[in-house]
Amino acid sequence: MRLGSPPRRSPARRHFARLAVASAAAVLVVTGCVPQDGQDPEQTTGAGQSDGGGQGGGNGSGDDGSGEAPALADLGTSAAQDLPTDPAEDPDYAAYYEQDIAWGPCQDVEGGEELECGTLTVPMVWNDPSAGDIELALAKHGATGEPTGSLVVNPGGPGGSGVDFTASAPFIFSREVTAAYDIVGFDPRGVARSEGIDCLTDEETDEYLATTGDPAAGAEENLQQGLDWMARIAEGCQQDSGELLPYLDTYSAARDMDVLRAALDSEQLDYFGYSYGTYLGATYADLYPQRVGRFVLDAALDPSSTLDEISAGQAEGFEKATEAFLADCLAQGEACPFKGEVADAKQQLHSFFDSVDAEPLETADPQRPLTGSLARSAVLLLMYEDGFWPTGRDALAMAMQGDGTALLTIADLSSERQADGSYKGNGMVAINAINCLDHPGVADEDWQAEEAERLAEEFPTFGPSMGYGATVCGQWPVPPLREPAPVSAEGAGTIVVIGTTGDPATPYEWSQSLAEQLDDAVLLTFEGDGHTAYGRSGGCIEQAVDPYLLEGTVPEDGLTCSSGG
């Protein structure tokens, strides 16, 4: 049997499948979205995600220069982190662990004709199973050959729909993997179909995404605009889903995955997580090391990173990715709307953003001009998938000639806005609800202001929108619940960690850090641009990972490859 054959896909479908992952995997870009010095809040989903951090990001480590890290925000307590018993062996949880999934046709999954869907019941409050239940939505792409087990997948975010992602499985995983495994995805608690929190109307979401900081206003006024929006989102979430908000942390989602493992009749969980999905997977492995099967974590978050370290790492990552995109554009000659050297092109891009801040561009929809915020959302999404760069180049050329239609389309792809004006999922708000619980930041407001200024100065393309993360999360009705700390998963089998050298959203150093933290892990390196590697590396990563998934053959630690060989 030949391993590592490419997935079944056309080039166009491959790019859109990967962008679907990207739009679910923007990690913490949203959480730190407040304007600085007239810059706008960056509101893309994000993907994501998920995820040490801040390496190469200067004082994003939290060090205030005195040698002592400033204090983080006060923590609450997760209902799922420390339990007195193993729920799988506790009679109080037996009804959850003895479930059978009733699979049937999917009703609302685009491209889901080959899928089966079902539900899974889990406790809302893991340390009090009498407090009520949550129903999780599931989808399964059945093995096309003789099934050997189930591979549970998560696309990232947080806030990405695993149900929708499962429909893309044939376009991401190789033929051999989809022949051997039932690919199973789920919407984590609070996401999309799994009692998804609903905090803004579609019209309010349009306004939120289009809102751009006033170029004539000061940083303080624009910061307040961002805080007001977060407070408005929090109020909507509290009204719709207040009972659930304290229980949307990743410890709770990881406990849910163990119920899913049992319902799939698996002694061990085989799992593939992208971006935030690596954080979810690493959390599961740390809670249940003996139940770890074949685990692949692609584009890792570093669990030891604070919110500020993550923001700093991403600000630097997106700056480097922007420079790579512009260098590629300039190499196309007349097809590129930018001129000169990379530094010149970057200044031209910034000038374009500034001009759209001041005067939004007309689009094919007279009710929806392209604002500065939407333009930045579109360009940021392009950094996730270098295969989409030609389309982005053309869209920017149109916009720089006065037509914002194509960039608006890309921005809508990022936010999963549909043609009828509705939004496909709730990733735009779920990302805040989950990240603010998982990642505390520095509490000191003066430090936050200094760090925001540093990010804006050192990483001027997207850095201005990535500061003040802890200040923004301070508007959330639930405090952070998890202390940043390494995970070891001592006792688990070998876990495969993958990092991409040009990954903007989860910088390569985070994959290195996670692989070092884990008690037994190998690190695979894809030398390339864009977010994640498996399914977009041209075969080099797939050929190393597939034998591990199919036969348990552990790849060589330190293996490095590129799409060119």
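My aim in this report is to walk through the structure given alongside it, one point at a time.

Quick notes on the rules
Residues numbered from 1 in each chain as written. Predicted model: local features only at pLDDT ≥ 70, side-chain atom pairs only at ≥ 80, totals over all residues. Heavy atoms only, no water. Disulfide = S-S within 2.5 Å. Helix = DSSP H or I, 4+ residues; strand = E, 2+ residues; numbered from the N terminus. Buried < 20%, exposed > 50% of the residue type's maximum accessible area, 1.4 Å probe, protein only. Phe/Tyr/Trp six-rings, centres within 6.5 Å; stacked < 30°, edge-to-face > 60°. Lys NZ or Arg CZ within 6 Å of the ring centre and 35° of its normal. Core = buried A, V, L, I, M, F, W, Y, C linked by side-chain atoms within 4.5 Å. Contact = heavy atoms within 4.5 Å. Axes fitted to C-alpha atoms, helices over the stretch in contact; angles between N-to-C directions. Parallel < 35°, antiparallel > 145°, perpendicular 65-115°, else oblique. Nonpolar A, V, L, I, M, F, W, Y, C, P; charged D, E, K, R; others polar.

1. Examining the state of the cysteines
- All told, the structure shown has 5 disulfides when counted by the stated rule.
- In this model Cys106 forms its disulfide with Cys117; the gap between the sulfur atoms is 2.0 Å. Judged by the sign of its S-S torsion, about 100°, the cystine formed by Cys106 and Cys117 is right-handed. One end of the pair, Cys106, is in the loop between β2 (104-105) and β3 (115-123); the other, Cys117, is in strand β3, and 11 residues separate them in sequence.
- Residue classification places Cys106 among the buried residues on the basis of a relative accessible area of 17%.
- With its bonded cysteines labelled in order along the sequence, the protein shows the pairing 1-2, 3-4, 5-6, 7-8, 9-10.

2. Let's talk about the packing of aromatic side chains
- Under the defined criterion, the tally for this structure stands at 15 aromatic pairs.
- Taking 5.2 Å as the distance between ring centres and 45° as the angle between the ring planes, the aromatic pair formed by Tyr208 and Trp229 counts as tilted. Of this pair, Tyr208 sits in helix α6 (residues 202-210) while Trp229 sits in helix α7 (residues 219-241); the two residues are 21 residues apart in sequence, bridging distant segments of the chain.
- Aromatic pair Phe272 and Tyr274: ring centres 5.1 Å apart, planes at 40°, arrangement tilted.
- In this structure Phe272 comes out as buried when scored by relative accessible area, which is 1%.
- Among the aromatic side chains, those forming a connected cluster through ring pairs are Phe165, Phe173, Phe272, Tyr274 and Tyr534.
- Taking NZ or CZ as reference, Arg482 lies 4.3 Å from the ring centre of Tyr251, over its face.

3. Describing the nonpolar core
- Among the nonpolar cores identified, the biggest contains 153 residues, and Phe173, Phe272, Phe295, Phe352, Trp476 and Ile541 are the most heavily contacted of them.
- Sorting elements by how many residues they give to this core places helix α10 (residues 307-330) first, with 9 residues.
- Ignoring sequence-local partners within four residues, the contact set of Trp476 consists of Met230, Ile233, Ala234, Cys237, Leu245, Ala433, Cys436 and Leu437.
- Counting 8 residues, the second largest nonpolar core, distinct from the first, contains Cys106, Ala137, Val163 and Ala167.

4. Details of the packing of α10 against helix α13 (residues 389-400)
- With their axes 11 Å apart at the nearest point, α10 and α13 run at an angle of 80° to one another. The angle between α10 and α13 places the two elements in the roughly perpendicular class. Along its contact with α10, which presents Ala321, Ala324, Phe325, Asp328 and Cys329, the element α13 presents Trp389, Arg393 and Leu396.
- For the contact of α10 with α13, the residue count by class is 6 nonpolar, no polar and 2 charged.

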